[in-house]
Structures are given as structure tokens and as C-alpha cells.
Amino acid sequence: MEKILTKQEIEALLAAVFEGQIEPEKELAKTEGTVHAYDLFNSEAKGNIPNLDIIYDGFIRYQRGTLSNRLGRIVEIKKMGAGSYKFDDFIQTLPSPVCMAIYKADPLKGAALIAFDSTLVFTIVDCILGGTGTSAVPSMNRMFTSIELKLVSKIVKDALVDLEKAWAPLYATKMSLLRMEMNPRLVNIVPPEYQVVTMEMQIQIDEIVGKMVFAVPYMTIEPIREKLKSGTQFDMMAIDPQWSYRLSKELLEAPLDVSVEVGGAVISLNDLLNLAPGDTIMLDTPCTSDLRVKVGGVDKFSGTPGLRHGNKAIRIATIIGKGREQ
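Here is what the cut-offs are and how they apply
Residues numbered from 1 in each chain as written. Predicted model: local features only at pLDDT ≥ 70, side-chain atom pairs only at ≥ 80, totals over all residues. Heavy atoms only, no water. Core = buried A, V, L, I, M, F, W, Y, C linked by side-chain atoms within 4.5 Å. Buried < 20%, exposed > 50% of the residue type's maximum accessible area, 1.4 Å probe, protein only. Helix = DSSP H or I, 4+ residues; strand = E, 2+ residues; numbered from the N terminus. Axes fitted to C-alpha atoms, helices over the stretch in contact; angles between N-to-C directions. Parallel < 35°, antiparallel > 145°, perpendicular 65-115°, else oblique. Left-handed = near helix turned anticlockwise from the far one by under 90°. Contact = heavy atoms within 4.5 Å. Nonpolar A, V, L, I, M, F, W, Y, C, P; charged D, E, K, R; others polar. pLDDT = per-residue confidence, 0-100. Polar contact = N/O pair within 3.5 Å; in protein donor to acceptor, adjacent residues only side chain to side chain. Pairing = 2+ DSSP bridges. Salt bridge = Lys/Arg side-chain N within 4 Å of Asp/Glu carboxyl O.

S.K.: Hey, could you run me through the nonpolar core in this one?
M.R.: Nonpolar side chains in soluble globular proteins tend to end up buried together. Phe59, Tyr103, Phe116, Met201, Met212 and Phe214 are the most contacted members of the largest nonpolar core, which totals 48 residues. No other element matches helix H6 (residues 146–167), which puts 10 residues into this core. Ranked by size, the runner-up nonpolar core spans 16 residues in total, among them Phe87, Val98, Ala111 and Val196.

S.K.: Just checking my understanding: could you explain the packing of helix H3 (residues 52–71) against H6 for this structure?
M.R.: Any two packed helices are characterised by the angle at which their axes cross and by the distance between the axes. Close contact between H3 and H6 brings their axes to 8 Å; oriented N to C, the two are set at 140 degrees. Classed by the angle they form, the pair H3 and H6 counts as oblique. H3 and H6 meet at a crossing whose hand is right-handed. When H3 is examined against H6, the residues Leu52, Ile55, Gly58, Phe59, Tyr62, Gln63, Thr66, Leu67, Arg70 and Leu71 are found in contact with a partner set consisting of Lys154, Ile155, Asp158, Ala159, Asp162, Leu163, Lys165, Ala166 and Trp167. Across the contact of H3 with H6, the residue classes tally to 11 nonpolar, three polar and five charged.

S.K.: Help me understand the confidence of the model for the protein in this model?
M.R.: The predicted coordinates ought not to be read in detail in places where the model reports low pLDDT. Mean pLDDT over the protein works out to 80, with 78% of the residues at or above the 70 mark. Note that residues 40–47 has pLDDT below 50 and, in this model, 13 contacts with residues that lie over four places away or in other chains.

S.K.: Would you mind showing me how to read the side chain of serine 153 here?
M.R.: Looking at the secondary structure, you find serine 153 in helix H6. Among the residues examined, serine 153 registers a relative accessible area of 7% and is labelled buried. Polar side-chain contacts of serine 153 include one of 2.5 Å to the backbone oxygen of lysine 150. The residues contacting serine 153, other than those within four sequence positions of it, are Leu177 and Met180.

S.K.: In this structure, what is going on with the sheet that holds strand S9 (residues 298–308)? I would like to understand it.
M.R.: Adjacent strands of a sheet form backbone hydrogen bonds with each other and so pair up, either parallel or antiparallel. Taken in spatial order, the four strands of this open sheet run S7-S8-S9-S10, and their pairing is antiparallel. Taken across any chain shown, the strands that pair with only one partner, and hence form the sheet edges, are strand S7 (258–261) and strand S10 (311–319). Going across the sheet, the axis of each strand differs from the next one's by a mean of 40 degrees, ignoring polarity. Inspection of the sheet shows strand S8 (residues 291–295) paired to S9 by five bridges, in the antiparallel sense. Looking at S9, one finds that leucine 291 is bridged to glycine 303.

S.K.: Can you help me understand the packing of helix H5 (residues 118–128) against H6 in this one?
M.R.: Contact geometry for H5 and H6: axes closest at 10 Å, N-to-C directions at 90 degrees. Between H5 and H6, the crossing angle belongs to the class labelled roughly perpendicular. Seen from H5, the contacting residues are Val121, Phe122, Ile124, Val125 and Ile128; seen from H6, they are Glu148, Leu151, Val152 and Ile155. In the contact of H5 with H6, the residues fall into eight nonpolar, no polar and one charged.

S.K.: Is there a simple way to explain the pattern of salt bridges in this structure?
M.R.: Should the charged atoms of two oppositely charged side chains come close, the side chains can pair. Evaluated as defined, the whole model comprises 11 salt bridges. We note a salt bridge from glutamate 76 to arginine 64, for which the minimum N-O separation is 3.7 Å. You can see glutamate 76 sitting in strand S1 (residues 75–86) and its partner arginine 64 sitting in helix H3, a full 12 residues away along the chain. Accessibility expressed as a relative area gives 42% for glutamate 76, which makes it partly exposed. Classification of arginine 64 by relative accessible area gives partly exposed; the value is 28%. Note that lysine 211 is salt-bridged to glutamate 200, the shortest N-O span being 3.3 Å. Of the two residues, lysine 211 is situated in strand S6 (residues 208–217) and glutamate 200 in strand S5 (residues 195–205); the sequence distance between them amounts to 11 residues. Residue glutamate 200 is classed as partly exposed on the basis of its relative accessible area of 25%. A network of salt bridges, in which partner residues are shared, links Asp53, Asp57 and Lys79.

Now the structure itself:
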């Protein structure tokens, strides 16, 4: 609550000013703030983008299966860590040689890139061409051929499809590959002083370990930053894409007790004890009526009795309790 001066305090303040005990200019100067340096390019992006790592978690779950199927090898992917750099500083951190894929995420503005180290590139190429992948890295680092870049671009396109799926629960995007590049000097997705947010991943193909790095300009993510900060639900990304398939497959193999109740009869205990082979028990259900089919002791179907290939059988006619929980 703002403090209000009393009448006596105001009179004392005016008297001090008139007598020269207080100089207003000096008192006002004491309250003025000092000058602070403010970096327009760097200040907002010092911290990591909230919840962005959850999107990459979803990407890893999709990409693990996609890359394993493409290469015919066991592939493991894990995050190594996120970072924030000026674009020029990020370029300096890339190994040499490096394979870079420039892509666009419509409708977000700007372009982003994925960088692969030479170990990962040579291993991917060797596996695609039918090699073992265990001795794919040349003894001396060399630039990649156009054929190698073409093969890696197929992997990049698969990765962009998986990246679209990972982004879908938060923001619908269309990922498209713009070009492949080897020379960092020719990559200018943003000016050198602009900020980029990175995520480094380690990819293990059998025994070979390589690195893949995502770099997304801060200006690209900024329009949806509030959606990330607001804690948007990521339920779809939290689900393993193979989980429902495996669950359905296991359920189909689960054993169930199925029984058909053909009718009932009331007899005395004496008649029951005196039953002999060939005796007939008259049931209270006509042979033409529908019978109840129980699954796990619960009524699920009704059908008509009959014979099939000499065996007693039942033809399912209706589903009991369809549309409500049973």
C-alpha cells in the first residue's frame, strides 16, 4: 500500500526545501537506476526451452524402430544433452567432416538443421549397401561423396517423418528436407549472432557409436513458446508406438474359458445316484431355442446349436450387452 504523508510531514518537507536543507535535484538523482547491458540476441534464450526435450523423447521412440528397420541392425538412441548457442558458436562445435541436413518445419518460420558426424554417416552407408557396419569408418577423415549424401538423405527423410509425429500432439507441422550440405560456411539458417537451441543424441548401431545433433533457431520456436511453457498435454508422445500392437498381440494369445449352457433339469438325489449309461435326462430348454455362450463365466453371446464336421457346435447369432460394459 502506498504511503501517504500527513499534513505535518508535508509542512516539514516544504520548510526543509525552502531553508536549503534538501535539494530536490540531488534527491531525484539518487532514485535513478544505473545502466545495464542488455543482449537482445542472447538474453531470452539462455535457458532451455521448457518441455522441448519431451518432443525429442517422442522422436527417439519413433526413430529407434524406423532406423532399425531401414538398416536391418539393432539401433539404440539416447539424449546426450541440450544446449543454447549463438549460431556462429554452434557451427564451431561441429566436427570435421560433418554431414548437415537443412530442413523446413512449416508453418514455423525459418529453417533448422540436423548434423551427423562421419562415424554415423559411414556406418549408415555401409549398412544400407549390405556391409557389416563394424569397420565402416575410414582410417582418414575425408569428405562425403554425392552417393553417400544421397543415401543419408533417405535416413533424414525418415527422421523428419518421425519428427512430425513427435511434434503432432503439440503443434501440427510439415517437415521437408531442403538440401544436404558438408561445408558449414555455406549454412546460414540464421545470422551468426542469432540463438539456436540444440539437442545432441548418441546413436549406437550394433557396436558403432555416432552422434546426431539437432539445431533449431530460437526465432522458430518463439511463436509456440507459450504452448510449451503452459504444460500442454503430451499423452500421445508418452505412449510407445509399438505398445498397443504388442498388447493386442498378447491378448490374442491369452487363454479363455468358453462354455455353452444347453439347459437345466431338476431331479431327485435318488435319481441322480441311480443314473446309468444310456439314461436320458430331459432338459427344460427346447432344442430350437437360442443358447447362452459364456466367456470367463460371463454371458457374452447367444446362438443356435448344431453340428459341424460331426462335432457339436454353436452358431453365434447376437452379442449380449453390446454397447455397455460386461
